Amino acid sequence: MDDLPPFTHTSVDSIPAVHARVTAKFHSHTTRPIEYRLKQLRALYWGIKDEEPALYEALKLDLGKSSYESYLAEISWVLNDIIFMSKNLERFMKDEKAEDTALTNLPLRPRIRKDPLGAVLVIGAYNFPIQLSLGPLIGAISAGCTAVLKPSENAPNAARIMQHIISNSLDPEGYQVVQGAIPETTALLALKWDKIFYTGNAAVGTIIAKKAAETLTPVVLELGGRNPAIVTKNADPRLAARRLLWAKLHNAGQVCVSQNYIIIDRQILGAFLLQIEAALKEFQPKGAEGNSDYSKIINERQWLRLKKMLDSTRGKVLLGGKTDQASLLFETTVVQVNDHDDPLLTDESFGPLIPILPVDDLDAAIRAANEIHATPLGIYPFGTKAETDKILNQTRSGGASVNDGFFHASIPTLEFGGVGDSGTGSYRGRASFECFSHRRAVTTTPGWMEGLLSVRYPPYTDAKFKRFKGMSETKPGFDRNGKTTGGWLWWVLGLGGKTTKGAGLRYAVLIALVAVVRGLGKGRL
């Protein structure tokens, strides 16, 4: 890794030329064919493979990540994502037949094309710098877009390795990397993009959304949230403790989708605390300090923010609490809090803090979750099926993992995104392709239909009006009181078909069968 160029901010003055370059490439229309897209994806795959040792080293330097976590959530993730896209791209690109088309419109062959959006901007995050930068880029390439990637400056080693990989693997006319911080990002946002994809905090997401709105640029915002875990009195305390502890040990809790706090029924609090203590001893038998499996906090500014949160809590520290500013160590720390306004609940920690709020029953837990943050990125209910169903039915979140900590976010082909102020838009798997594609509705009107279409041309006579009304008007199937009407009659007349098209197909099959039976009866077959 030492032989690679150091992390260097891109000249602000050169950024408009970078934008013009990738925009011109898109308008050359050469990124649209599947052959071009596959060539870029496959080249990126081998570029990552060739620099795999450097990526491990970079992630260790930036975040103190173990090789295991780096492979689990970063390197293998993007490699498998490329393979998945390569195998399925032809299927994703195919036109879709439009659904719910009336019989009269079928001759126009209504369909949905998947067109690339254009030149896009991807702004990555520091906590998973490889996955959260290259993941969206893979989606953009697959969709036929050109792109500029702006990695997080807070993970400079990962950023420079990605720049090296992209510059050596991808078409430089279509894919560029801009390095830097606020000035460089501001210069990028001053330009017109066809989509902006941002992963990070809500404060910066708000700035990006406001700037994008000036040019009506669509955005995907993958933000965070004060994600609750709810542990009911009927939950398995051992499973809940182990799974939620792991969610805060992973990357030292610097995971946007991990639980920000745990709401727990008082009846199970004691058993849960015993299990979380036992799990911590099992997972870290020698503690967090000097543990090569445990990441560090990304930088001193974030470490100080977490320390301030811990120092300001009114709760009681039950486990952990050890910190070291010099090494950026921050132990996983369990704190029992007593009210919704505790600093550990009012802000997203984005670190290894585990505040626990005891409540009297499930209704109180749901009420607390909705009051603390109504639209978090994730929610994690533990309990019986009836209890977890009730939680899902009475809350909102970007995603949910029942009886686990953010498992839904670890499935690479499962659509992922926020809701409300935890984000907008989604990606991963097929959704990554759709994220950077425009679903373009297309019809083709044949010449022989002109006689049928004459009803739309002026002058508008009473005869034309009657004819058009007869062609277009459908029966509501319900009366003025909202009650269903004619259900059984339509079912009988339509031979069980739920739509006009379905009924028509059933009649066609019936007529064919009748013809076959008659033919057999007359000895013709």
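Everything here concerns the structure above.
Rules used throughout
- Residues numbered from 1 in each chain as written.
- Predicted model: local features only at pLDDT ≥ 70, side-chain atom pairs only at ≥ 80, totals over all residues.
- Heavy atoms only, no water.
- Pairing = 2+ DSSP bridges.
- Helix = DSSP H or I, 4+ residues; strand = E, 2+ residues; numbered from the N terminus.
- Salt bridge = Lys/Arg side-chain N within 4 Å of Asp/Glu carboxyl O.
- 1 Å grid on protein atoms, 1.4 Å probe; cavity = no way out; pocket = protein on both sides within 12 Å on 5 of 7 lines; lining within 4 Å.
- Points joined across faces, edges and corners; volume = space filled by probe spheres on them.
- Nonpolar A, V, L, I, M, F, W, Y, C, P; charged D, E, K, R; others polar.

*Asks:* Kindly report on the sheet that holds strand β20 (residues 437-442), identifying the contributing residues and their values.
*Replies:* Strand order in this open sheet of three strands is β1-β2-β20, and the pairing throughout is antiparallel. Both edges of this open sheet fall to β1 (96-97) and β20, since each of them pairs with a single strand only. In this structure, strand β2 (residues 111-116) lies alongside β20, joined through six bridges in antiparallel fashion. When the sheet's bridge partners are listed, Arg-113 is paired in β20 with Arg-440.

*Asks:* Let's hear about the pattern of salt bridges: which residues, and what values?
*Replies:* Within the structure shown, the criterion is met by 21 salt bridges. Here Glu-173 and Arg-21 are joined by a salt bridge, their closest N and O atoms 2.8 Å apart. Residue Glu-173 is found in the loop between α6 (156-169) and β5 (175-177), and its partner Arg-21 is found in helix α1 (residues 15-27); the two are separated by 152 residues along the sequence. Salt-bridge contacts for Arg-266 lead to Asp-360; the nearest nitrogen and oxygen are separated by 2.8 Å. One end of the pair, Arg-266, is in helix α10 (residues 266-283); the other, Asp-360, is in the loop between β14 (353-359) and α13 (362-372), with 94 residues separating them in the sequence.

*Asks:* Tell me about empty space enclosed by the protein, residues and numbers included.
*Replies:* Counting across every chain of the model gives one cavity of 30 Å³ or more. In this structure, the largest cavity spans a volume of roughly 50 Å³. Along its surface, the largest cavity is lined by Trp-77, Asp-81, Gln-131, Gly-135, Pro-412, Tyr-427, Arg-428, Gly-429 and Ser-432. Within the residue set of the lining of the largest cavity, elements represented by two or more residues are α4 (67-93) and α5 (131-143). For the lining of the largest cavity, the per-class residue count stands at three nonpolar, four polar and two charged.

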